Structure formats: structure tokens, C-alpha cells
Amino acid sequence: MVIETERLYLRPFEEHDAEDVFEYLNEPAVNCFADMKLHSLEEAKEEVLKRTSETEYYFAIVIKESGKVIGEIDAYPEPADEHGADSVLDTFSPCWMLNKEYQGKGYAYEAAHAFFDYLFKDKGARRIYAYTEDNNKASQHLCDKLGMRQEGLFKEFISFVKNPDGTPRYENTYQYAILKKEWQ
């Protein structure tokens, strides 16, 4: 499965992507990706190998012109009703990450827009929601640009990193969402 945009391909990961993946995961830009930090090219090779089997909901973001992997985007179907045995898997929470060197050029929007379109039109999404830290203005702007509405702010919602004294550093987190009927 490959999704094509004007400047990008969203495609499954391939083994030769390890150097590019290491480039953006050796120092993740935001705390929510801290647990994904890679310390060596060998770790990147192992990580990419795991990702090569994910071909339906996990994509490398690749610049068409150069073939360079500049990030990733993924989302998996979730039940709308956690308690119903017959729940339809029509809710998705995407996660996107872009190499710092390629931010601010419209690539995240281009990739996310195409991915949302794929989820709504091809994968039966009814609702897409995203979390973003209250200090991640770029991600909030992207959610706004995608037509998502801010649904709430969760105070001290989650901790991804520790304070210097070893205690958890809790982050305030916004939730954004969009429904299929709201998608253009």
C-alpha cells in the first residue's frame, strides 16, 4: 500500500530506511516520543525491521524527489465502545513525527491530510482524534489546519520524562478530533 501526494509517498518501511529513521529518532523532538529514542544505527536497523511488517496503518513519510524518509505516521483502529463485544473498529488516533530538518515546509500537513483521507475513505474511519502536548504549538496548528476541533485540555495528563529529581514530569495534553461527516 502506497499513498501518493504531490511531493510525498507514504509507504511501508523498508530495511534500507534505517539511517533516515535514526536521524529523527536519535533525538526525538517532543517528549511523547522519548521512549522511541534510538542510540545507534544498529538499534535503528532493528526498529525498522519490526516496522517492515506493518503495511496497512504504519507508513514512512518519503520525499518523492530524493527517496529520503523524513518521518512517519500511523494509527490503528479502535472500538468506539470499549464494552461492547460487537464494537465496530471505526476510531483512529494518529501519531505523526517528522525529522526536525523538514519541519515548517508543509510536509506534515501533506502527509497527515492524505493519511486522514485514506482512513476515512478506505479504512472506514468514523472519528479521528489526536493528542498533543500543550507546548507543542506546531502539532496544535497542524490539527487546526486539518479541520480538527479542540475537544479538551487534560491537566497533568501523562508523563513521558522525569524531572531532574527523578519524579515524573506530567504534561498538559490537548485532544483534537474530527468526524468523517466533517471531513472535506
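Basis of the calculations
- Residues numbered from 1 in each chain as written.
- Predicted model: local features only at pLDDT ≥ 70, side-chain atom pairs only at ≥ 80, totals over all residues.
- Heavy atoms only, no water.
- Helix = DSSP H or I, 4+ residues; strand = E, 2+ residues; numbered from the N terminus.
- Contact = heavy atoms within 4.5 Å.
- Core = buried A, V, L, I, M, F, W, Y, C linked by side-chain atoms within 4.5 Å.
- Buried < 20%, exposed > 50% of the residue type's maximum accessible area, 1.4 Å probe, protein only.
- Pairing = 2+ DSSP bridges.
- Axes fitted to C-alpha atoms, helices over the stretch in contact; angles between N-to-C directions.
- Parallel < 35°, antiparallel > 145°, perpendicular 65-115°, else oblique.
- Left-handed = near helix turned anticlockwise from the far one by under 90°.
- Nonpolar A, V, L, I, M, F, W, Y, C, P; charged D, E, K, R; others polar.

Draft legend 1. Representation of the environment of Glu151 in the model. Along the chain, Glu151 falls in strand β9 (residues 149-162). Distance in space between the C-alpha atoms of Glu151 and Ala177 is 6.8 Å, their sequence separation being 26 residues. Here Glu151 is in contact with Arg127, Gln175, Tyr176 and Ala177, once residues within four sequence places are set aside.

Draft legend 2. Local environment of the nonpolar core. Counting 34 residues, the largest nonpolar core has Leu10, Trp96, Leu119, Ile128 and Met148 as the members making the most contacts within it. For this core, the secondary structure elements donating two or more residues are β2 (8-11), β3 (58-63), β4 (69-74), β7 (95-98), α3 (107-122), β8 (127-133), α4 (137-145) and β10 (168-179). Not counting residues up to four positions away in its chain, the partners in contact with Met148 are Phe116, Ile128, Tyr129, Ala130, Cys143, Tyr176, Ala177 and Ile178. If you look at the next biggest cluster of nonpolar residues, it comprises 13 residues, including Ala18, Tyr24, Leu25 and Val69.

Draft legend 3. Inspection of the pairing of β2 at higher detail. Here strand β1 (residues 3-4) pairs with β2 via two bridges, running antiparallel. Across the sheet, the residue bridging to Ile3 is Leu10, located in β2. Connecting β1 to the next strand, β2, in antiparallel fashion are three residues. The sheet contact formed by β2 and β3 spans four bridges and is antiparallel. Within β3, the residue paired with Tyr9 across the bridge is Val62.

Draft legend 4. Examining the packing of helix α1 (residues 18-25) against helix α2 (residues 41-51) more closely. One can describe the packing of α1 onto α2 by two numbers: an axis separation of 8 Å at closest approach and a directional angle of 110°. Taken together, the axis directions place α1 and α2 in an arrangement best described as roughly perpendicular. Regarding α1 and α2, the two cross each other, and that crossing is right-handed. Contacts between α1 and α2 pair Ala18, Glu19, Val21, Phe22, Tyr24 and Leu25 from the former with Leu41, Ala44, Lys45, Val48 and Arg51 from the latter. Class assignment of the residues belonging to the contact of α1 with α2 gives a composition of eight nonpolar, no polar and three charged.

Draft legend 5. View of the sheet that holds β2. Read across the sheet, five strands follow the order β1-β2-β3-β4-β7 without closing on themselves; strand pairing throughout is antiparallel. If you trace the sheet from one side to the other, it starts and ends with β1 and β7, each paired once. When β3 meets β4, the two strands line up antiparallel, connected through five bridges. In the strand pairing of β4, Phe59 is matched with Ile73. Seen against the sheet, α3 touches β1, β2, β3, β4 and β7 and runs at an angle of roughly 50° to β2.

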